[in-house]
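The primary structure of each chain is shown beneath.
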Amino acid sequence: MAELKISVNRLQLGNYVKLPVNWGNHPFLFSSFKIKSQDQIDVIRNLGLKHVTIVPEKSDNLPLAANTPIVTLSHEEEDAVLALQKQLWQDKQERIEELKNYRRQLQKCEKEFTQSMSQVRSVMGKILSRPLNAISDAVELIDTMAESLMKAENTVLHLMGESKETEALYYHSLNVSVLSMMLGKASGCTLEEIKMLGLGSLFHDIGTIKLPSKIVRRASPLSNAEENLYKMHCKYAIDLLQLIEEFPEQAKTIILQHHECADGSGYPAGLKLNEIDKLAQIVAVVNRYDNICHPTNIKHAKIPYQALSILFKQQAKQFNKDYLGRLIKLLGIYPPGSVVQLSSEQIGMVMSVASDRLLFPKVLVFDPAVPRTEAPIIDLEEAGLTIEKVIKPQSLPPSVHEYLNPRVRTSYYFEHDKQ
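Here's what I pulled together on the structure shown here. (Residues numbered from 1 in each chain as written. Predicted model: local features only at pLDDT ≥ 70, side-chain atom pairs only at ≥ 80, totals over all residues. Heavy atoms only, no water.)

1. Here's the deal with the overall build of the protein
Next up, step 1: Helix and strand content of the protein: 14 helices and 11 strands.
Next up, step 2: Its C-alpha atoms give the protein principal-axis dimensions of roughly 85 × 45 × 35 Å.
Next up, step 3: Within the protein, contacts between residues at least 6 apart in sequence are counted, and of these 70% link residues at least 24 apart.
Next up, step 4: Summed over all atoms, the accessible surface of the protein reaches about 20000 Å², with 51% contributed by carbon and sulfur.
Next up, step 5: Distance from the positive charge centre (48 side chains) to the negative charge centre (49 side chains) of the protein: 5 Å. (Helix = DSSP H or I, 4+ residues; strand = E, 2+ residues; numbered from the N terminus. Contact = heavy atoms within 4.5 Å. Areas by Shrake-Rupley, 256 points an atom, 1.4 Å probe, with all protein chains shown as cover. Lys, Arg positive; Asp, Glu negative; His and termini not counted. Charge placed at Lys NZ, Arg CZ, Asp CG, Glu CD.)

Next comes the structure, spelled out in structure tokens:
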């Protein structure tokens, strides 16, 4: 059924209403919502609106009959509605301030991520020509990140802006490094172990620079010979790093073993769980997660929610079950970057997940009445909403896709200053 334009006196509980005024001219958090109380109806009537639009397919009830008389409120009831309207405005202003603070935190995190990416780019560019400088710069970057992470009481994982596909190695390396260090902390690793995780995962794919680019970037399946050559990248990395005495042995072990699997199906040595270095086991599960999200052939890419499901349901025997379980807890049931439908039937994208509030991420919500730069980013718990289901980005209508801007490459970074 098409949308209906009705007089405000026909509104009733369960109607999904769209207000015909700008977001800044009404006290509600959203311009479209399902009516849950008579108070909401009274406030809408008190805005001076004669008509509103309802969406029958999103409503629990149809509007009241067309001949429904206009309700007249007593002075006491009018005063109560005015007081409620004033309170809603105050609540909305508080939400706006919270949103401004959140956006500032997100911008700060984006800036730190961009700086880290610049350092990774520089390190990778120096590794062949000036290896000592490259390792020194990498150690400085990882030390700073690890120490900040260890100081944080509760970490907040944020979704970063769109990345460049031409720099896939850099983004993959930093992403695996960030998540490995966070998983290491969640698993009780020491500061020194977290630094080794960061350094090892940052260089875990460095051996691919010795492979032909047509193999590394091949979107179509590799031949057996090409696949065997690709599997040499772990040993090529060690050959390269053996020339650098300052590179820690434990980080080399991580690099050599990051494709080993708990069931012995991995490479290069076919090791089983109790033979694989503990830190390499952490990087292995994170690396697989990121590779499922961002395969060479973008057509096979999975959204974060699907990637976790594949790891848990189809590939669990290949990994340390404790680390796999903690990774799922770390990212949340709906990891940043997930496009979701809320209990309000609104569509949004998960932006941040806090380690102590996994079921209540912050979600950027599609609202055509609000410019994208000012789009509401809501805390689900505060808004009294839940996530109903995950949606594939490619199934979104063009206007919603453009508004939410789902990432082709999902990159994460953690908030540093949660003390």
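2. With respect to the packing of aromatic side chains
Next up, step 1: Taken as a whole and judged by the stated rule, the model has seven aromatic pairs.
Next up, step 2: The interplanar angle of 40 degrees and the centroid separation of 6.2 Å between the aromatic rings of F113 and Y171 together place this pair among those described as tilted. On the criterion of sequence distance, the pair formed by F113 in helix α2 (residues 75-126) and Y171 in helix α4 (residues 168-186) is long-range, its members being 58 residues apart.
Next up, step 3: Exposure remark for F113: the relative accessible area of 6% places this residue in the buried category. (Phe/Tyr/Trp six-rings, centres within 6.5 Å; stacked < 30°, edge-to-face > 60°. Buried < 20%, exposed > 50% of the residue type's maximum accessible area, 1.4 Å probe, protein only.)

3. Quick notes on the packing of α4 against helix α5 (residues 191-202)
Next up, step 1: For the pair α4 and α5, the least separation of the axes is 8 Å and the interaxial angle reads 160 degrees. When the axis of α4 is compared with that of α5, the two are roughly antiparallel. Between α4 and α5 the crossing geometry is right-handed. Along the contact surface, α4 presents S173, L174, V176, S177, S180, M181, G184 and K185, while α5 presents I194, L197, G198, S201 and L202.
Next up, step 2: A per-class count over the contact of α4 with α5 returns six nonpolar, six polar and one charged. (Axes fitted to C-alpha atoms, helices over the stretch in contact; angles between N-to-C directions. Parallel < 35°, antiparallel > 145°, perpendicular 65-115°, else oblique. Left-handed = near helix turned anticlockwise from the far one by under 90°. Nonpolar A, V, L, I, M, F, W, Y, C, P; charged D, E, K, R; others polar.)

4. Examining helix α10 (residues 278-293)
Next up, step 1: Between its first and last C-alpha, α10 extends 24 Å over 16 residues, near the 22 Å set by a 1.5 Å rise per residue.
Next up, step 2: α10 sits mainly inside the fold: 13 of its 16 residues count as buried. (Expected span 1.5 Å × (residues − 1).)

5. Side note on the pairing of strand β5 (residues 156-159)
Next up, step 1: Across the two faces of β5 the burial is the same, with V156 and H158 and L157 and L159 all buried.
Next up, step 2: Where β5 meets strand β7 (residues 347-354), three bridges bridge the pair, whose relative direction is antiparallel. Of the residues in β7, the one forming a bridge with H158 is S352. (Pairing = 2+ DSSP bridges.)

6. Comments concerning the nonpolar core
Next up, step 1: Residues F203, F247, Y289, L327 and L404 are the most contacted members of the largest nonpolar core, which totals 84 residues.
Next up, step 2: Looking at this core, the element that brings in the most residues is α2, giving 10 residues. (Core = buried A, V, L, I, M, F, W, Y, C linked by side-chain atoms within 4.5 Å.)

7. With respect to the sheet that holds strand β4 (residues 51-54)
Next up, step 1: As summarised here, the arrangement of the four strands in space is β1-β4-β2-β3, forming an open sheet in which the pairing is antiparallel. In this open sheet, the two edge strands, each paired with only one partner strand, are β1 (4-7) and β3 (32-34). Geometrically, the sheet is characterised by an average inter-axis angle of 35 degrees between neighbouring strands, direction not taken into account.
Next up, step 2: Alignment of strand β2 (residues 16-18) against β4, held across two bridges, turns out to be antiparallel. Bridging from a neighbouring strand, K18 pairs with T53 of β4.

8. Quick word on unusual backbone geometry
Next up, step 1: A cis amide bond, omega 10 degrees, links Y267 with the succeeding residue P268.
Next up, step 2: Mapping P268 onto the fold places it in the loop between α9 (249-257) and α10.
Next up, step 3: Phi is positive for N405, close to 55 degrees, though the residue is something other than glycine.
Next up, step 4: With respect to the helices, strands and loops of the structure, N405 is situated in the loop between α14 (398-404) and β11 (412-414).

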